[in-house]
Amino acid sequence: MRTAVLDATPEWPAPFIGVWRRVPSTNEVAKTAALDAGAVPLAGTVVIAETQTQGKGRFGRTWVSPPGGLYLSVLVEPPARPGERSADPLTLLPLAAGVAVARAVRRVAAVPAELRWPNDLDWEGRKVAGVLTEVGFRKESPRLAVVGFGVNLTPVSLPGAVTADASGSLLPPGARPPGRLPEGVDRAGLAGALVTSLHGALDLLRENPASLRTGWESLSPTARGCRCEVRLRAAAPVFGITDGLDAGGGLRIRTDGGGIRVVTESDAVRILHTGHRRGRPARTASE
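Residues take numbers from 1 onward in each chain, read along the sequence in its written order. In keeping with the predicted nature of the model, local features appear solely for residues at pLDDT of at least 70, side-chain atom pairs appear and are counted solely at 80 or more, and the whole-chain, interface and lining totals rest on all residues. Excluding hydrogens and water, the side-chain figures rest on all heavy atoms present in the structure.

A separate point is the confidence of the model for the protein chain. A residue's pLDDT is the confidence the predictor assigns to it, expressed on a 0 to 100 scale. For the protein chain, mean pLDDT is 81; residues scoring 70 or higher make up 79% of the total. Should any heavy atoms of two residues lie within 4.5 Å, those residues are considered in contact. Contacts for the low-pLDDT stretch residues 161–175, under 50 throughout, to residues beyond four places or in other chains number 36 contacts. Low pLDDT (under 50) marks residues 276–287, which in the prediction has 43 contacts with non-local residues, meaning those over four places away or in another chain.

Have a look at this one:
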């Protein structure tokens, strides 16, 4: 595992690479390392675990992390772009991470996995991977971020007898359940591919954000033309049709009221109907 990650790391020597059988959360281990390092730059650090006891998902949810999956976090520092607020790399970082995990899984597992807003990965209608990006944990380095990946390589046994998603939260009726990649996927090879893909996506983020957005849309069949519901905090939900990404990396929604609403990673978007696309039957209620 270490060899695969070292081979995929463009900087040498790598700041830090750690592999554990069991940790509370790879994101938390990476953030602790960054805080303990003081002025030492740790961008490029990779933390890997076979299982997590307190895996983290979006909106404060728990990511169920059974043994045998791949749980990997990377410390990165996207470049500042003065004067380009609409394309701030920090707002585009979750999209870069989504592109990275989709490309890595497609290459190593040889399955046509697809992105769901903003960076969940589906295969055969089930969530097989997710990404969580966090920033602002080190005041001396405000642009330092941790990008955490969770990939299901073994069956996910959810607690209780309720229908729940891979984050452990209740599923809406008809929503996709958690899934796993095919048996035999090489964890070390996937770890190396994830790191390679992430650095490649970061290069796009630095050099050509428009190309990154195009790449994300090409991996997400639900990015355009799909009926959706946007659930807002302390407000009524908004319904509309997905209409691709805007310059800042937000998802454009053509609302039923006739306007355009741009949602960000902090908003919850539920795909209600994908329509008849690419010769496939319609599907409903995914989130």
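Okay, helix 4 (residues 187–207) next. Only runs of H or I of at least four residues qualify as helices and only runs of E of at least two qualify as strands under DSSP, and these elements are numbered from the N terminus. Each residue after the first adds 1.5 Å to the expected span of a helix. End to end, helix 4 covers 30 Å across 21 residues, agreeing with the expected 30 Å (1.5 Å per residue, within 8%). For every residue, the accessible area obtained with a 1.4 Å probe (protein chains only) is divided by the maximum for its type, and the residue is called buried under 20%, exposed over 50%, and partly exposed between those limits. Burial in helix 4 covers these residues: Leu190, Ala191, Gly192, Ala193, Leu194, Val195, Ser197, Leu198, His199, Ala201, Leu202 and Leu205. On its buried side, helix 4 packs onto helix 1 (2–8), strand 2 (46–52), strand 3 (70–76), helix 3 (89–109), strand 7 (145–151) and helix 5 (209–218).

Bridging between strand 1 (residues 17–23) and strand 2 involves 6 bridges; their strand directions are parallel. What sits directly across from Val19, in strand 2, is Ile48. In this view, the connection linking strand 1 to its parallel neighbour strand 2 by way of helix 2 (residues 26–36) has right-handed handedness. Pairing between strands is defined by DSSP: at least two bridges between them are needed. The definition of a right-handed crossover adopted here requires that, viewed with the strands pointing away, the path from the first strand over the helix to the second runs clockwise.

Bringing the environment of Ala104 into the picture now. By the element assignment, Ala104 lies in helix 3. For the pair Ala104 and Ala191, spaced 87 residues apart in sequence, the C-alpha separation works out to 8.6 Å. Those residues in contact with Ala104 that sit more than four places away from it in its chain are Ala109, Leu190, Ala193, Leu194 and Ser197.

Turning next to the packing of helix 3 against helix 5. Viewed as axis vectors pointing N to C, helix 3 and helix 5 meet at an angle of 50°, and their least axial separation amounts to 9 Å. By the angle class used here, helix 3 and helix 5 are oblique. In the crossing of helix 3 with helix 5, the sense of the turn from one axis to the other is left-handed. Across the interface between the two elements, Leu92, Leu95, Ala96, Val99 and Arg103 of helix 3 pack against Pro209, Leu212, Arg213, Gly215 and Trp216 of helix 5. Axis lines are fitted to C-alpha atoms, over the contacting stretch for helices. Their N-to-C directions set the angle, which ranges from 0 to 180 degrees. With respect to orientation, any angle under 35 degrees is reported as roughly parallel, any angle over 145 as roughly antiparallel, any angle of 65 to 115 as roughly perpendicular, and every other angle as oblique. Less than a right angle of anticlockwise turn of the near helix away from the far helix marks a crossing as left-handed, whereas a clockwise turn marks it as right-handed.

Okay, the sheet that holds strand 3 next. Pairing is mixed in the open sheet, where 7 strands are placed in the order 1-2-3-7-6-5-4. The open sheet has two edge strands with one neighbour each: strand 1 and strand 4 (114–116). Geometrically, the sheet is characterised by an average inter-axis angle of 20° between neighbouring strands, direction not taken into account. Summarising the sheet, strand 2 and strand 3 pair through 4 bridges and their orientation is antiparallel. When the sheet's bridge partners are listed, Val47 is paired in strand 3 with Ser73. Each of strand 1, strand 2, strand 3, strand 6 (126–135) and strand 7 touches helix 2; the most contacted strand, strand 3, lies at about 30° to it.

We define a salt bridge as a side-chain nitrogen of Lys or Arg found within 4 Å of a carboxyl oxygen belonging to Asp or Glu. Overall, the coordinates contain 12 salt bridges when judged by the stated rule. Here Asp203 and Arg206 are joined by a salt bridge, their closest N and O atoms 3.1 Å apart. Of the two residues, Asp203 and Arg206 are both situated in helix 4; the distance of 3 residues between them amounts to about one turn of the helix. Among the salt bridges present, the one from Arg254 reaches Asp243, with a minimum N-O distance of 3.1 Å. One end of the pair, Arg254, is in strand 10 (residues 251–255); the other, Asp243, is in strand 9 (residues 238–245), with 11 residues separating them in the sequence. Residue classification places Arg254 among the partly exposed residues on the basis of a relative accessible area of 44%. Bridged by salt links that share partners, the residues Glu217, Arg224, Asp243, Arg252 and Arg254 form one connected network.

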